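Summary of structural features
Each chain is listed here by its residues.
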Amino acid sequence: QVQLVESGGGLVQAGGSLRLSCAASGRTFSNYAMGWFRQAPGKEREFVAAITSSGLNTYYEDSVKGRFTIDRDNAKNTVYLQMNSLKPEDTAVYYCAQSTSRWPLQYDYWGQGTQVTVSS
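With that settled, the discussion passes to the state of the cysteines. Applying the stated rule across the entire model yields one disulfide. At a sulfur-sulfur separation of 1.9 Å, the disulfide partner of cysteine 22 is cysteine 96. Measuring the twist about the S-S bond at about 45°, one finds the cysteine 22-cysteine 96 disulfide to be right-handed. Residue cysteine 22 is located in strand S3 (residues 18-25), and its partner cysteine 96 is located in strand S9 (residues 92-99); the two are separated by 74 residues in the primary sequence. For cysteine 22, a relative accessible area of 0% gives the class buried. Judged by relative accessible area, cysteine 96 falls into the buried class, the value being 0%.

Here's what the structure looks like:
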C-alpha cells in the first residue's frame, strides 16, 4: 500500500518561503516520478511541478518558474518543494503525487494535502 504524507505547510507573509516535504512508502521510490499539485478554494486542482525518478529532469507550471524548486532524495524516499517569493495567489492545498512510471505523465497515488496560506 503506497502512502504519501505531506508536511511543511503553514501561514506565511507574501515574499516569504516554505519548504514542503512528501514522504513516500509502499513501493520503490526511486522507480517513480513525483509531482506537486495544488487546489485553491473554488478552483480545480492544477499542476505545480514534477521531477523524474532519477531527479535529472524537472518541470514547472509557468507561474512558479524561478520561484519554486522541486527536488528529491531517493535515499530518504522524500520529495520536496521549495517555495520562495510566495504570493497570495499561491494560497492552496498542496498535494504530492506519485507517477505510474519514471516519467511524470500519469499519477496513481496522492497524499492528503497540506495547506499553504500566503497573507498579503
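As enumerated under the stated definition, the model contains four aromatic pairs in all. Between tyrosine 107 and tryptophan 110, the ring centres sit 6.0 Å apart and the planes meet at 55°, which makes this aromatic pair tilted. Judged by its relative accessible area of 18%, tyrosine 107 falls in the buried class. Judged by its relative accessible area of 30%, tryptophan 110 falls in the partly exposed class. What links up through ring pairs into an aromatic cluster is the set Phe37, Phe47, Tyr107 and Trp110.

Attention now goes to a nonpolar patch on the surface. Where nonpolar side chains cluster on the molecular surface, the patch consists of Tyr59, Trp103 and Leu105 and spans about 360 Å² of accessible area. Positionally, tyrosine 59 belongs in strand S6 (residues 58-60). You can call tyrosine 59 partly exposed: its relative accessible area is 34%.

Quick look at the pattern of salt bridges now. Taken as a whole, this structure holds six salt bridges when the rule is applied. The partner of arginine 27 in a salt bridge is aspartate 108, with the nearest N and O atoms 2.7 Å apart. Of the two residues, arginine 27 is situated in the loop between S3 and strand S4 (34-39) and aspartate 108 in strand S10 (residues 107-110); the sequence distance between them amounts to 81 residues. Assessed through its relative accessible area of 23%, arginine 27 is described here as partly exposed. Judged by its relative accessible area of 35%, aspartate 108 falls in the partly exposed class.

This part covers the environment of serine 85. With respect to the helices and strands, serine 85 occurs in the loop between strand S8 (78-83) and S9. Judged by its relative accessible area of 40%, serine 85 falls in the partly exposed class. Along the sequence, serine 85 and glutamine 13 sit 72 residues apart, while their C-alpha atoms lie 9.5 Å from each other.

About the thresholds
Residues numbered from 1 in each chain as written. Predicted model: local features only at pLDDT ≥ 70, side-chain atom pairs only at ≥ 80, totals over all residues. Heavy atoms only, no water. Disulfide = S-S within 2.5 Å. Helix = DSSP H or I, 4+ residues; strand = E, 2+ residues; numbered from the N terminus. Buried < 20%, exposed > 50% of the residue type's maximum accessible area, 1.4 Å probe, protein only. Phe/Tyr/Trp six-rings, centres within 6.5 Å; stacked < 30°, edge-to-face > 60°. Patch = residues over 30% accessible without salt bridge, like charges linked within 9 Å, V, L, I, M, F, W, Y side chains within 5 Å. Areas by Shrake-Rupley, 256 points an atom, 1.4 Å probe, with all protein chains shown as cover. Salt bridge = Lys/Arg side-chain N within 4 Å of Asp/Glu carboxyl O.

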